[in-house]
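Listed below, chain by chain, are the residues.
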Amino acid sequence: MRVRRTVQVVLVVVVLGLVGAAMAAGISASLGIRTEAKDVPVEDLRVAPPRDATPPLVFTRIAAPDTLRTRTAVAELRDAVSDAEGTRGSATLVVRHGHGDPDDDTYRLGGTRRALRITAASETGAVRGVYDLALAARERRPLTERLGQTVTSRLPFRMVDLGAAGVDADPEQWRGGEDYSHYSRAFEDAILPEAPYVDRAALPEARASVLSFVRHELAEGYNAIAVPGFLEYLTFADVPEVYADDPEYVARAEAMRAAFGPIWREVHDLGMQVYLRTDMLVLSGPLEQHLRDEFDLDTTDDALWDVYEKGLDELYREMPYLAGVVLRIGEGGSIYNLPGWDYYSEITVTTAPAVRAMLTAFTDEAERSDTTVVFRTWSVGVGAVGDMHTNPDSYHEVLDGLDSPNLVVSTKYSLGDFYSWLPLNDTLETGDQRRIVELQSRREFEAFGAIPNDLGTLTRQALQRFLAANPHVEGIWTWTQDGGPWRAGPMTLQLTHGFWQLYDLNTEVAARLARDPDADPAELTADWARRWFSTDPATVAAITTAMASSREAVTQGLYIEPFAQVRAFALGLEPPPQMWIFEWDILTGDSAVLDVIYSIVRDSGPTGVDDAIAAGDRAVDTADEMFGLVADTDPATWRDPALRQEFLDALDYQVDLFQMLAAYRAMVLRHAHWLDTGEGREEWAQARSRFDATADLHEQVYGDDLELPAYNLTAARIGEERADRDVEMAWLARGGLLALLLALGLTRTGRTMVRSALAPWREPGPVSWWLVAAIPLLAVVWSRLVLTWFLAPAHLLLVGIGWAVLAGVVLATRSWWVATAVGGAVTLRTLLLLAVLSVRGPGGYWFVFWTEPGWRTAYVVVSFVLFGWVLACLAWALAGATGRRRAGATVLGVVGATLLGVGALTAAVGLEDALAVWNDQLALLPWGMARILGITTFLGIPEALPWWLLGAGAVLLLGALAFGLPRRRLRAPAAP
């Protein structure tokens, strides 16, 4: 019997150990925390040598064709000259062109200094020549600098977004800074949710806003524009069953076409190719119902795409001035939707066959209509489609063979989103499709353009590399204003509000470099300074010297270099290099991100932590030097005193922001260092005091500032509070551990509980009932309170369900044998948790979990074995009284009831809300996840998970009932 029992115990422990090891391996695989080296472009910003500004010539006569495009360009030239502080000399200008390729903007500047002549094969080239003269006049360059030269553009396609056109600068919409919607709300005053759907009285203002922006970008060198919208203009006249029962959708589309169609036609007539920009799938309620009924919403079904293809036929038939559509499949959902309108997007094009079916349908239609399909490779997900943006192999898997001449593939220049510290995107060096490069001027992850950020050198490196590697690169798409949430950042709107000139630098420089990738970015920055601020050489030198330091300030002040310079992977994703500032202004306080960042910084070298902290302080010094350079300029040399003040305000904001970030960086790294080594707690306390002071000042000065808003410090404060409690929690864990050991060792009941837990099949003997109940109860409650810093009742409620079910079952048995064995096992398991917490509190517990895979695996295995042993004790203790079958059924019922309880709770609260509350209190994952897209969306957690738990729990409970039912013995029938 003893041998048999020994075998049983060994088998149980081995099985539990194997399951625990499998769980540990699964956790490690799911976390997937690892790093790789990466090749980041080196930016060497220079300062252009000083030169005197050249006043423009006055044109006494301009002879040009009388067309809308040339009239507009000539008006810009005259405005540029009249805006100058003075002029020097006069000249005449003759503009002539042929009827050549309308996409060719080549021209020749001939004649003499006093009699200039622009000749071109097409109107496009002639107009471009006039705009170039206007740009030279604004930048105080000689208008004759290209005299005798033929000027052409290396990249013929240069597109912008819609900027801030049509966006109302309503301060109330920015107040609070927590609106993470990506929808611009452009024209919301003109668009009505009900009939007549468009407010005609608001259209003139909308039109004026659009045309002002278009003229500005034409002058800077752009010739295409991507306008949000698509489904709003479709009646599906060729698929009438879509809206057969919903005529209001037809009326709305007709109203939109009638209202905005003339505006887009005028933009086209000015020389801008107009593209409608949309996500796929884009849906309305009736359209989704039709696609479900007919095609089960199967995006690999060619017939589904026929519906959209016929929609495109209608679009170009009714709006023939449109150049094409821009498609994105990697993002979607409510944050991109216009509130109150039944148009929305879903991320459903997630496989290579689906992408190919979509693009085949769209390009077939484009070839018929002589339009263009611009397909963005931006996609976030699993599989080839998920990483085609950054993986050349995936790019080829998705797009090889799709070689329509009407297809253009658009890709961000960086190997990821618009962050610094990223390699150049090598997918732009491959493929047979026409390619354009995406750039962003108002860098969403770098204070939304509120601080100086000269991207000229980086842009030139990118374009030169892609052009050298891929002959199919033919253009750029510059995001002038868009990208990220519109109202969770600074209230700066291009051309209309705030210090937008600061990031317009990148828009202007991108266009200049697209036309001439060999141009000197330093000279272009100096041109920008002369255009907007001053022609005084000393002032220009100060501004450009400050701007030459802007990238060093940004890349060191907003990033932690040792972490940023490696590729990090976690949770099946590649987190961006700036994770300590979580999209976009949330200073994160979660242990997962901060502990992993520390571990990478620690492993970067023997002085890695100290060097990373010092880099933050150097960024402050750099920002302070930049402020001093501009502050020391003579105010009288500035064209506009208000712009000088805005420049100084931006630099002052940068200094303040970087001081707060440097202090926070020191605080979190010092805390993690203490969690890791047990050393440096005093340094952490000093860093904390510094952070508190700088954070309070930052919020005090910028808390109500809409143009230069304070960063969101809520998550940082949550993490700080828990870090402060770690020492106290460690002592509380030690006290609890000591108390438990004394209770188990010095009382007969305690010793009996231990013996019973180790041999639950043996009757324990006499015990004190209140100690049997009190010891495990207090152990569980105390250990979980300590684990959660006494700050996470949601976690206590969640785990308490399982313990409550177990306690209820034990009480239901009315057996002190069962209570003693199970209570002893529960207490032994709690000893492990308290022992771990006693080292450096909950912070140390999670630090090891995130950063030490060996210790994590050991803990998970031992913890699971002890947890399983609790259930084994329940089964063994019950078996003597009820039999093994009912004992096993009881264990099965405990698990099932626990799953039912957890499933019911999360279903009632809502999975996303439950996860958000749980995470807010424990500060394990970025706080911003729940505020932006949601934890379930970020991590790909199925929304049906609570129902899966309910189903699994129900199945286990039914199985327990069936397994535990008494079985009647069958009797043989009586003899006849």
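Note that this is a predicted model, so its numbers are computed, not measured.

**Brief notes about the overall build of the protein**
Looking only at helices and strands, one finds 32 helices and 19 strands in the protein. With the C-alpha coordinates of the protein rotated into their principal frame, the extents come out at 120 × 80 × 50 Å. Evaluated residue by residue, the protein yields a buried proportion of 57% over its 976 residues. Nonlocal contacts in the protein, meaning residues at least 24 apart in sequence, comprise 78% of its contacts between residues at least 6 apart. Put simply, the protein has 84 plus and 125 minus side-chain charges, and the middle of one group is 8 Å from the middle of the other.

**Section: the sheet that holds strand β8 (residues 224-228)**
Hydrogen bonds between backbone atoms are what pair the strands of a sheet, whose relative direction is either parallel or antiparallel. In space, the 8 strands of this closed barrel follow the order β7-β8-β9-β11-β13-β14-β15-β16, with parallel pairing throughout. The mean angle between the axes of side-by-side strands here comes to 25°, regardless of whether they run parallel or antiparallel. Inspection of the sheet shows strand β7 (residues 157-160) paired to strand β16 (residues 473-479) by 4 bridges, in the parallel sense. Bridge assignment links Arg-158 to a residue of β16, and that residue is Ile-476. The sheet contacts of helix α9 (residues 352-369) involve β11 (322-328), β13 (372-376) and β14 (407-412), and relative to β13 the element is tilted by about 155°.

**What about the sheet that holds strand β3 (residues 90-97)?**
Taken together, the 5 strands give an open sheet; going across it, the order is β2-β3-β5-β4-β6, and neighbouring strands pair in mixed fashion. Strands at the two margins of the open sheet, each flanked by one partner only, are β2 (58-63) and β6 (149-151). Within the sheet, the average angular offset between the axes of one strand and its neighbour, ignoring direction, is 25°. Both β2 and β3 contribute to a ladder of 5 bridges, which runs parallel. Bridging across to β3, Phe-59 finds its partner in Ala-91. Packed onto the sheet, helix α2 (residues 68-82) meets β2 and β3 and runs at close to 170° relative to β2.

**Things to note about the packing of helix α22 (residues 714-746) against helix α26 (residues 816-851)**
At a closest axis distance of 7 Å, the pairing of α22 and α26 adopts a crossing angle of 155°. One way to sum up the angle between α22 and α26 is to call them roughly antiparallel. The interaxial crossing formed by α22 with α26 has left-handed handedness. Across the interface between the two elements, Asp-726, Met-729, Ala-730, Ala-733, Arg-734, Gly-736, Leu-737, Leu-740, Leu-741 and Leu-744 from α22 touch Thr-827, Thr-830, Leu-831, Leu-834, Ala-835, Leu-837, Ser-838, Val-839, Arg-840, Gly-841, Pro-842 and Gly-843 from α26. Considering only residue class, the contact of α22 with α26 consists of 13 nonpolar, 6 polar and 3 charged.

**A look at unusual backbone geometry**
Following Ala-195, the chain continues into Pro-196 via a peptide bond in cis, with omega recorded as 15°. Positionally, Pro-196 belongs in the loop between α4 (171-174) and α5 (203-220). Backbone geometry places Phe-448, a non-glycine residue, at a positive phi of 50°. With respect to the element layout, Phe-448 can be found in the loop between β15 (434-440) and α12 (456-469). We classify Phe-448 as buried; its relative accessible area is 3%. The backbone of Leu-495 sits at a positive phi, close to 80°, despite the residue not being glycine. You can see Leu-495 is positioned in the loop between β16 and α13 (501-515).

**Observations regarding the pairing of β14**
If a strand is regular, its side chains alternate between the two faces of the sheet. In terms of burial, β14 is largely enclosed, as 6 of its 6 residues are buried. Taken together, the 4 bridges between β13 and β14 define a ladder with parallel strand orientation. Bridge pairing links Arg-376 to Ser-410 in β14.

**A look at a nonpolar patch on the surface**
The grouping of Val-3, Val-7 and Leu-11 at the surface amounts to a nonpolar patch, some 290 Å² of accessible area in total. Judged by relative accessible area, which is 42%, Val-7 ranks as partly exposed.

**A closer look at the pattern of salt bridges**
Two side chains that carry opposite charge are able to pair once their charged atoms sit near each other. Under the defined criterion, the tally for this structure stands at 55 salt bridges. The closest approach of N and O atoms between Arg-128 and Asp-132, which form a salt bridge, is 3.2 Å. With Arg-128 and Asp-132 both in helix α3 (residues 123-138), this residue pair falls 4 residues apart, about one helical turn. We classify Arg-128 as buried; its relative accessible area is 5%.

**Observations regarding the nonpolar core**
Membership of the largest hydrophobic core comes to 283 residues, with the highest contact counts inside it found for Trp-264, Met-280 and Tyr-308. With residues up to four places along the chain from it excluded, the contact list for Met-280 reads Phe-230, Trp-305, Tyr-308, Leu-327, Arg-328, Ile-329, Glu-346, Val-349, Met-358 and Phe-362. In this structure, Val-809, Leu-871, Trp-876 and Ala-877 belong to the second largest nonpolar core, which totals 26 residues.

**Description of the environment of Ser-756**
Here Ser-756 is to be found in helix α23 (residues 748-758). Assessed through its relative accessible area of 3%, Ser-756 is described here as buried. Through-space distance from the C-alpha of Ser-756 to that of Val-822 is 8.2 Å; in sequence the pair is 66 residues apart.

Conventions used here
- Each residue is numbered by its place in its chain's sequence as written, counting from 1.
- Where totals are concerned, whole chains, interfaces and linings use all residues; where local detail is concerned, this predicted model gives features only for residues with pLDDT of at least 70, and gives and counts side-chain atom pairs only at 80 or more.
- Side-chain metrics rest on all non-hydrogen atoms present in the structure, leaving aside hydrogens and water.
- The way it works is that DSSP assigns letters per residue, a run of H or I at least four long becomes a helix, a run of E at least two long becomes a strand, and they are numbered from the N terminus.
- Here's how the labels work: a residue is buried when its accessible area is under 20% of the maximum for its type, exposed when over 50%, partly exposed in between, all with a 1.4 Å probe on protein chains only.
- Two residues form a contact once any of their heavy atoms are found within 4.5 Å.
- The sign given to each residue is positive for Lys and Arg and negative for Asp and Glu; His and the chain ends receive no count.
- A charge is said to be at NZ when it belongs to Lys, at CZ for Arg, at CG for Asp and at CD for Glu.
- One requirement defines pairing of two strands: DSSP has to find at least two bridges between them.
- Only C-alpha atoms enter the line fits that serve as axes; for helices the fit covers just the stretch in contact. Angles between N-to-C directions range over 0 to 180 degrees.
- Any angle between 65 and 115 degrees counts as roughly perpendicular, while under 35 counts as roughly parallel, over 145 as roughly antiparallel, and the rest as oblique.
- We call a crossing left-handed when the near helix sits turned anticlockwise from the far one by less than a right angle, and right-handed when that turn is clockwise.
- Classification used: nonpolar for Ala, Val, Leu, Ile, Met, Phe, Trp, Tyr, Cys and Pro, charged for Asp, Glu, Lys and Arg, polar for all others including Gly.
- Here the term patch refers to residues with relative accessible area over 30% and no salt bridge, with like charges joined within 9 Å and nonpolar side chains (Val, Leu, Ile, Met, Phe, Trp, Tyr) within 5 Å.
- Where accessible areas are quoted, they stem from the Shrake-Rupley method and a 1.4 Å probe; at the residue level, only the protein chains shown are allowed to cover.
- Salt-bridge detection follows one rule: a side-chain nitrogen of Lys or Arg within 4 Å of a carboxyl oxygen of Asp or Glu.
- Residues grouped as a nonpolar core are buried Ala, Val, Leu, Ile, Met, Phe, Trp, Tyr and Cys residues, joined through side-chain atoms within 4.5 Å.

The values reported here are purely geometric and, on their own, carry no functional implication.
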